[in-house]
Amino acid sequence: MHADKLLEGKVAIVTGGGSGIGRASALDMARRGAKVGFLDRTPEEAEKVKAEIEREGGEAWVAATDVSDAKAVEQGINEIVERFGRLDIVFANAGINGVWTTLEDMEVEDWDQTLGINLRGTFLTLKYAVPHLKKQAGGSIIITSSINGNRIFNNTGATAYSASKAGQVALMKMAALELAPHRIRVNAVCPGAIETNIDDNTERTEEAEQAKIPVEYPEGSHPLAGKPGKAAQVADLVTYLASDLASHVTGTDIYIDGAESLL
Ligand code: NAD
């Protein structure tokens, strides 16, 4: 099959598809032939991406969903599967940076919110998607973790975020083992800094700024390109993992960071 239509006939669900990495991946998967269902808590943004897909001749559907809400996730996934008749690809990508601060100043509610969206939200997405994937006797799940799940560099204060991202990698590995007999592959992408809207929604307290460990980056803080990556570059990796080109790839966390994590 020509690479252009790698995902022809497949149905994908993308959480957090209204912006950034999710948006770029949804557009790319649709261009490769997939029908795309969105679960996003800002449905008006996801509707804009849906409209873009439709203008290009593709099909999409939006289910307004907060991924930390179990009932809403179950309903949203069922709505999309009812609409398109099957499910082959799940991109569990919705996430927030949340509040970055010291351990003492971290409010319990802020910890719960970050873990609730990033980790519980990923679990809920998998929990309610897996029965549909099993019906196809195959499928691909991709989780957006982060290099922060493993390597802690200049991000003092990102305690809840890093814990949630590490948890996603552990969840991915367990799910990959459990689902292998069903021919369902599960992988994580771990981006470094990528230009998206996520930083606009991050609250970094003064204490966290002060606690920040000063690190000298070599000139240009990103070795490969000298600057953060683009959402479309992550989308290329997501599409690869979603496709049959990755038929023997499962249980893996893949860094996509231009060697940022090697500094
Ligand atoms: P973004 O803010 O541009 O997009 C996030 C999307 O998730 C938005 O559409 C938002 O509405 C949605 N979302 C947030 N909370 C939600 C919830 N509770 N329910 C449903 N949808 C929700 O951010 P992004 O950078 O594209 O982030 C996507 C993923 O990439 C996140 O998991 C993030 O942790 C991860 N990531 C980002 C970077 C980066 O530098 N941008 C680096 C590593 C990992």
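Values in this document were obtained by computation on a predicted structure and should not be read as measured data.

### Description of the overall build of the protein
So, point 1. Across its full length, the protein carries 7 helices and 11 strands.
So, point 2. Computed over its C-alpha atoms, the radius of gyration of the protein comes to 18 Å, within 12% of the 18 Å expected for a compact globule of 263 residues.
So, point 3. For the C-alpha atoms alone, the extent of the protein along its principal axes is close to 50 × 40 × 40 Å.
So, point 4. Looking at the 263 residues of the protein, the share that counts as buried comes to 49%.
So, point 5. Pairs at least 24 residues apart make up 76% of the contacts formed inside the protein by residues separated by at least 6 positions.

### Considering the site of the ligand
So, point 1. Around the ligand, a shell composed of 30 residues is seen, among which Gly16, Gly20, Gly95, Thr196 and Ile198 lie nearest.
So, point 2. Contributions of two or more residues to the shell around the ligand are made by α1 (20-31) and α4 (108-135).
So, point 3. When residues of the shell around the ligand are assigned to their parent elements, the largest contribution, 3 residues, is made by α1.

### With respect to the packing of α4 against helix α5 (residues 159-179)
So, point 1. For the pair α4 and α5, the least separation of the axes is 9 Å and the interaxial angle reads 15°. When the interaxial angle is binned, α4 and α5 end up roughly parallel. Between α4 and α5 the crossing geometry is right-handed. Across the interface between the two elements, Asp110, Trp111, Thr114, Leu115, Asn118, Leu119, Thr122, Phe123, Leu126 and Val130 from α4 touch Ala160, Tyr161, Ala163, Ser164, Lys165, Gly167, Gln168, Leu171, Ala175 and Leu179 from α5.
So, point 2. Of the residues in the contact of α4 with α5, the class split is 12 nonpolar, 6 polar and 2 charged.

### Considerations on the pairing of strand β2 (residues 35-40)
So, point 1. Across the 6 residues of β2, 6 count as buried, placing the element largely inside the fold.
So, point 2. Alternating positions in β2 separate into two faces, Lys35, Gly37 and Leu39 on one and Val36, Phe38 and Asp40 on the other, with burial throughout.
So, point 3. Here strand β1 (residues 11-15) runs beside β2; their pairing, made up of 5 bridges, is parallel. Paired with Val14 across the bridge in β2 is Phe38.
So, point 4. Remark: the β1/α1/β2 crossover connection has right-handed handedness.
So, point 5. Sheet topology note: the β2/strand β3 (residues 60-64) ladder contains 5 bridges and is parallel. Opposite Leu39, over in β3, you have Ala63 as the bridge partner.

### Considering the sheet that holds strand β6 (residues 139-144)
Strands in a sheet are paired, the pairing made by backbone hydrogen bonds, and the direction either parallel or antiparallel.
So, point 1. Taken in spatial order, the 7 strands make up an open sheet running β3-β2-β1-β4-β6-β7-β11, and their pairing is parallel. Of all strands in the sheet, those bounded by a partner on one side alone are β3 and β11 (253-256). Between one strand axis and the next, the sheet turns through 20° on average, direction left out of account.
So, point 2. Contacts from helix α3 (residues 70-84) reach β1, β2 and β3, with the element oriented near 165° to β2.
So, point 3. Each of β1, β4 (89-92), β6 and β7 (184-191) is contacted by α4, which is oriented at about 180° to β4, the strand it contacts most.

### Regarding α3
So, point 1. Helix length check: α3, at 15 residues, gives a terminal C-alpha distance of 22 Å against a target of 21 Å (1.5 Å per residue), a fit within 8%.
So, point 2. In the core, the buried residues of α3 are packed alongside β1, β2, β3 and α4.

### What about the packing of α1 against helix α7 (residues 231-242)?
So, point 1. Viewed as axis vectors pointing N to C, α1 and α7 meet at an angle of 55°, and their least axial separation amounts to 8 Å. As judged from the angle between their axes, α1 and α7 are oblique. The two elements α1 and α7 meet at a crossing, and its hand is right-handed. When α1 is examined against α7, the residues Gly20, Ile21, Arg23, Ala24, Ser25, Asp28 and Met29 are found in contact with a partner set consisting of Ala231, Ala232, Val234, Ala235, Val238, Thr239 and Ala242.

### Some thoughts on the pairing of β6
So, point 1. Burial analysis of β6 places 6 of its 6 residues in the buried class, which makes it a mostly covered element.
So, point 2. On β6, burial covers both faces: Gly139, Ile141 and Ile143 on one face and Ser140, Ile142 and Thr144 on the other are all buried.
So, point 3. In terms of strand pairing, β4 meets β6 through 4 bridges, oriented parallel. Paired with Ala92 across the two strands is Ile143, which belongs to β6.

### Quick word on the confidence of the model for the protein
So, point 1. Mean pLDDT over the protein: 92, with 90% of residues reaching 70 or higher.
So, point 2. Across residues 213-218 the pLDDT falls below 50, and counting only partners more than four positions away or on other chains, this stretch makes 5 contacts in the model.
So, point 3. For this predicted complex, the interface confidence reaches an ipTM of 0.99, while the overall pTM sits at 0.95.

Thresholds, definitions, all that
Residues numbered from 1 in each chain as written. Predicted model: local features only at pLDDT ≥ 70, side-chain atom pairs only at ≥ 80, totals over all residues. Helix = DSSP H or I, 4+ residues; strand = E, 2+ residues; numbered from the N terminus. Rg over C-alpha atoms; globule rule 2.2 N^0.38 Å. Buried ≥ 20, exposed ≤ 12 C-beta atoms within 10 Å, placed from the backbone. Contact = placed C-beta atoms within 7 Å. Near = placed C-beta within 6 Å. Axes fitted to C-alpha atoms, helices over the stretch in contact; angles between N-to-C directions. Parallel < 35°, antiparallel > 145°, perpendicular 65-115°, else oblique. Left-handed = near helix turned anticlockwise from the far one by under 90°. Nonpolar A, V, L, I, M, F, W, Y, C, P; charged D, E, K, R; others polar. Pairing = 2+ DSSP bridges. Right-handed = clockwise from strand over helix to strand, strands pointing away. Expected span 1.5 Å × (residues − 1). pLDDT = per-residue confidence, 0-100.

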